[in-house]
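# Residue-level structural notes
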Amino acid sequence: MPNPQLDANGGLIHLLSTEGLPREVLTHILDTASSFLEVSDRDVKKVPLLRGKSVFNLFFENSTRTRTTFEIAAKRLSADVINLDVGRSSTAKGETLLDTIDNLVAMHADMFVVRHASSGAPYLIAEHLRRARREDVHVVNAGDGRHAHPTQGLLDMYTIRHFKKDFSGLTVAIVGDILHSRVARSDIHALATLGAGEVRAIGPQTLLPTAIGRMGVRVFNDLAEGIRGCDVVIMLRLQNERMNGALLPSAGEYFKCYGLTPEILSLARPDAIVMHPGPMNRGVEIDSGVADGPQAVILSQVTFGIAVRMAVMSILAGN
Ligand code: CP
C-alpha cells in the first residue's frame, strides 16, 4: 500500500507520522530546520517562503507548545495564519470534520495543522483531499489520539542530534506512560529509522503496550535498571485524559517508582540529557531538581520546535 504522506516521486505531501518515512526525508527535515534556526537568531526573523499561503490551525484538543510554535513558524515563513476557534466553530452545531474541511478549502486553505483526540483524524482528512483531487492542500498531524505526533518526534530527533551529534551508539530511554503516548510512538519510529543504538521503554507493565517488544525496543519495568548507562532520557507524563479506569495506585506511588530524581539520573551517563515533550507534571514523573537542572534540555526542545515546524511547512509547500 502506498505511503499517503509521499507522492509518486517520494516527495512529502503530508506529514502524518514518522512511521514509514525514509531516512533521507527525516534527515532533510532536520537539515532544513538547522538553516531556519539561524533565521530565528536574526533581528528580522521572517522569510517569504509561504507568502500568500493560508495555514489553518485546527486544534480539537488543548495545546500550549504545538499550537503556538506552529503559529510562530507559519508567521516566520510569512504565511497567513488562521486559528479556528473550535469551541465556537460550527463543529459544536454538529458539522462533521470533513464538512468543516470542505468549507475551509473553499476559503482557499493551503495547509491544515490538525490536532484531534481521535487517532487517524489527519489521515481521514488527507484521504478526503486525495479523493477530491486536492493534493495541493497539505495536512500536518499535530497529534492524533495515542497514535502519532510527528513534529514532536522530529523536534526530539533534532534535539538529540544537536546535543549528541550522531544517533549510532546512543542508548535512549523513554520513561513513563508509553501506552497512551503518541510522542513515544513517533520517537521510537524515528529513532529506529535514524539508527539509534538502543531504545529502552521503561514503565509499569500497565502503561506499556502489549506488543511494545515488536517495535524493536528493550523493555524494563525497573527505572534504575533501565536508566543505567543511558545517553538520553525522555520522560513522559501520565496521560490521564486517555486512561480508562485506574491503571496506577496513585500519583505519589508512581513518583516513588518512576519519578526521575537527581539520584536516579546519576545512574545514566554523566553527560546524559533529559528531555520532556511537555506539559510536565512536577513531582509526578519528574523532580524539579532534574527539570530545572543542568542536564535538562526541555526548553531547548521548545525552541527547536519552531525551526522544525518551519522546515516541515516549507518542504510541504514545495520549497
Ligand atoms: N508537546 C506537546 O504536544 O505539548 P502541547 O500539548 O502543549 O502542544
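What counts and what doesn't
Every chain is numbered independently, its residues counted from 1 as its sequence is written. Restriction of local features to residues with pLDDT of at least 70 applies here, the model being predicted, together with a cutoff of 80 or more for giving and counting side-chain atom pairs; totals for whole chains, interfaces and linings are based on all residues. Calculated side-chain values reflect all of the structure's heavy atoms, with hydrogen atoms and water omitted. Where each domain begins and ends follows an automated or database-derived domain assignment. Only heavy atoms enter the contact rule, under which two residues are in contact if any of them lie within 4.5 Å. Once two parts are joined, some of their accessible surface, as seen by a 1.4 Å probe, is lost; buried area is that loss totalled over both. Criterion for a salt bridge: a side-chain nitrogen of Lys or Arg within 4 Å of a carboxyl oxygen of Asp or Glu. N or O atoms closer than or at 3.5 Å make up a polar contact, with two conditions inside protein: a donor-capable atom paired with an acceptor-capable one, and, for residues adjacent in sequence, both atoms drawn from side chains. Any residue with at least one heavy atom within 4 Å of a molecule or strand is counted as near it. Residues are grouped as follows: nonpolar covers Ala, Val, Leu, Ile, Met, Phe, Trp, Tyr, Cys and Pro; charged covers Asp, Glu, Lys and Arg; every other residue, Gly included, is treated as polar. For helices the rule is a DSSP run of H or I covering at least 4 residues; for strands it is a run of E covering at least 2, with both sets numbered from the N terminus onward. Only protein chains enter the area calculation, which uses a 1.4 Å probe; residues under 20% of their type maximum are buried, those over 50% are exposed, and those in between are partly exposed.

### Here's the deal with the domain arrangement of the protein chain
- In terms of domain boundaries, the protein chain breaks down into domain 1 (23–148 + 304–316) and domain 2 (150–302).
- Contacts between the two partners involve 29 residues from domain 1, matched on the other side by 28 residues from domain 2.
- Of all residues in domain 1, the largest losses of buried area upon contact with domain 2 belong to L30, R146 and F304, amounting jointly to 34% of the total for that side.
- Joining domain 1 to domain 2, the criterion identifies two salt bridges.
- Measuring nitrogen to oxygen at the nearest pair gives 2.9 Å for the salt bridge that ties E61 to R182.
- Applying the counting rule to domain 1 against domain 2 returns 13 residue pairs in polar contact (both at pLDDT 80 or more).

### Remarks on the site of the ligand
- Near the ligand the following residues occur: S63, T64, R65, T66, R115, H149, Q152, P277 and G278.
- Within the side chain of R115, one N or O atom sits 2.9 Å away from an oxygen atom of the ligand.
- Grouping the amino acids of the shell around the ligand by side-chain chemistry returns one nonpolar, six polar and two charged.
- Both of domain 1 (23–148 + 304–316) and domain 2 (150–302) provide at least three residues apiece to the shell around the ligand.

### Some details on the pattern of salt bridges
- Counted according to the given criterion, the structure contains 15 salt bridges.
- The partner of R218 in a salt bridge is E198, and the shortest N-O contact between them spans 3.2 Å. Taken together, the residues span a long stretch of sequence, with R218 in strand β7 (residues 218–220) and E198 in strand β6 (residues 198–202) at a distance of 20 residues.
- Judged by relative accessible area, which is 22%, E198 ranks as partly exposed.

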